[in-house]
Amino acid sequence: MREEEKIQAGILFCPGDPQLCAIKRKTHNLNVDYNKTYEVETMKRSAILAEILGEFGEGGFIQGPIAFHYGIHTKIGRNFFGNFNLTIQDDAEVTIGDDCNFGPNVTIVTPIHPMLADERNAMLTAEGKQKRLCYAKPVHIGSNCWFGASVTVCPGVTIGDNCVIGAGSVVTRDIPADSFAAGVPCRVIRRITEADSMIHKPEILADNQVITV
């Protein structure tokens, strides 16, 4: 079984495998290329993201700087906005739905290392070779989610549609759809309802209007 297949199977794999390192090296170099661009260089940026990512939907914008690990394991839907310092360590698959907005310094991680130090340093492969091994769990984020600044999403987490994750949260478990969640570790504070509409905040709404369908 190839190391890429082991990642997908959720079992231990060797991150130092030459094929995996080649993917990461290419992506890391493309990160640098992207981070050297100006915002007005939209075509250049789009071309770089097309090389990095598995999928990137129409209408998306990533401020930069960016830090994707594999890149090809990440699929992002339409109309995505990512602010400064978006980091996605996508050893396993990362999916992000449509119309999501991420504040500065959002980090998504998928790899997990053994807890015991000796096992972290080296384990024996099926061939009897000592290697540093880890495993990874996918992260899935629904559509219409808003993440505040410095949110960290941990391996194996699924976040439902229409969620708001408060700034500085560390998300270690699944968050159901339509939730406002925050904290370290992140927990559901309450359900988001019509009562949260800007209609009920006329002092902030001012002379603007909410679009009704």
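Parameters and conventions
Residues numbered from 1 in each chain as written. Predicted model: local features only at pLDDT ≥ 70, side-chain atom pairs only at ≥ 80, totals over all residues. Heavy atoms only, no water. Helix = DSSP H or I, 4+ residues; strand = E, 2+ residues; numbered from the N terminus. Contact = heavy atoms within 4.5 Å. Buried < 20%, exposed > 50% of the residue type's maximum accessible area, 1.4 Å probe, protein only. Patch = residues over 30% accessible without salt bridge, like charges linked within 9 Å, V, L, I, M, F, W, Y side chains within 5 Å. Areas by Shrake-Rupley, 256 points an atom, 1.4 Å probe, with all protein chains shown as cover. Salt bridge = Lys/Arg side-chain N within 4 Å of Asp/Glu carboxyl O. Phe/Tyr/Trp six-rings, centres within 6.5 Å; stacked < 30°, edge-to-face > 60°. Pairing = 2+ DSSP bridges. Expected span 1.5 Å × (residues − 1). Arc of directions from axis to C-beta. Polar contact = N/O pair within 3.5 Å; in protein donor to acceptor, adjacent residues only side chain to side chain.

A. Main features of the side chain of Asn31. Mapped onto the elements, Asn31 comes out in helix 2 (residues 18-35). For Asn31, the residues in contact, after removing those within four places along its chain, are Ile52, Ile66, Ala67 and Phe68.

B. Region of the structure containing the environment of Arg190. Relative to the assigned elements, Arg190 resides in strand 21 (residues 187-191). Taking the C-alpha atoms as reference points, Arg190 and Ser179, separated by 11 residues in sequence, lie 6.0 Å from one another. If near-sequence neighbours (up to four positions away) are discounted, Arg190 is found in contact with Asp178, Ser179, Phe180 and Asp196.

C. A look at unusual backbone geometry. Going from Gly64 to Pro65, the amide bond is cis rather than trans, its omega being 0°. For Pro65, the location among the structural elements is in the loop between strand 2 (61-62) and strand 3 (66-68). Geometrically, the link from Val184 to Pro185 is a cis peptide bond, its omega value of -5° lying close to zero. Mapped onto the elements of the fold, Pro185 is located in the loop between strand 20 (179-182) and strand 21. In the Ramachandran plot, Asn79 falls in the positive-phi region, its phi being about 55° despite a non-glycine side chain. We classify Asn79 as partly exposed; its relative accessible area is 38%. If you check the backbone angles, Asp178 has positive phi at about 65° while not being a glycine.

D. Structural detail: a nonpolar patch on the surface. On the surface, a nonpolar cluster with roughly 330 Å² of combined accessible area is contributed by Met198, Ile199, Ile204 and Val210. By the element assignment, Ile199 lies in the loop between strand 21 and helix 5 (202-205). A residue is classified by how much of its surface remains accessible, and Ile199, at 46% relative accessible area, is partly exposed.

E. Region of interest: the packing of aromatic side chains. For the coordinates displayed, the defined rule picks out three aromatic pairs. Ring centres 5.9 Å apart and planes at 10° place the aromatic pair Phe61 and Phe81 in the stacked group. Separated by 20 residues along the polypeptide, Phe61 in strand 2 and Phe81 in strand 5 (residues 81-82) bring together distant segments of the chain. Considering the side-chain rings of Phe102 and Phe147, the 4.4 Å spacing of their centres and the 5° angle between planes classify their relative orientation as stacked. Residue Phe102 is located in strand 8 (residues 101-102), and its partner Phe147 is located in strand 15 (residues 146-147); the two are separated by 45 residues in the primary sequence.

F. Spatial organisation of the sheet that holds strand 4 (residues 74-76). One open sheet accounts for five strands, arranged 1-4-7-14-17; its pairing is parallel. Both outer strands of the open sheet, strand 1 (55-56) and strand 17 (158-159), are each paired with one neighbouring strand and no more. Relative to strand 4, strand 1 runs parallel, the two sharing two bridges. Paired with Glu55 across the two strands is Lys75, which belongs to strand 4.

G. Spatial organisation of helix 2. With 18 residues, helix 2 should reach 26 Å at 1.5 Å per residue; the first-to-last C-alpha distance of 26 Å fits that figure. Every buried residue belonging to helix 2 is among Leu20, Lys24, Thr27, Leu30, Asn31 and Tyr34, and all of these are buried. Seen end-on, helix 2 carries its buried residues on one side only, within an arc spanning 125°. Those residues of helix 2 that are exposed and aimed more than 90 degrees away from the buried face are Pro18 and Arg25. In the core, the buried residues of helix 2 are packed alongside helix 1 (3-9), helix 3 (42-52), strand 2 and strand 3. For helix 2, the N-terminal cap is Asp17; the gap from its side-chain oxygen to the backbone nitrogen of Gln19 is 3.1 Å.

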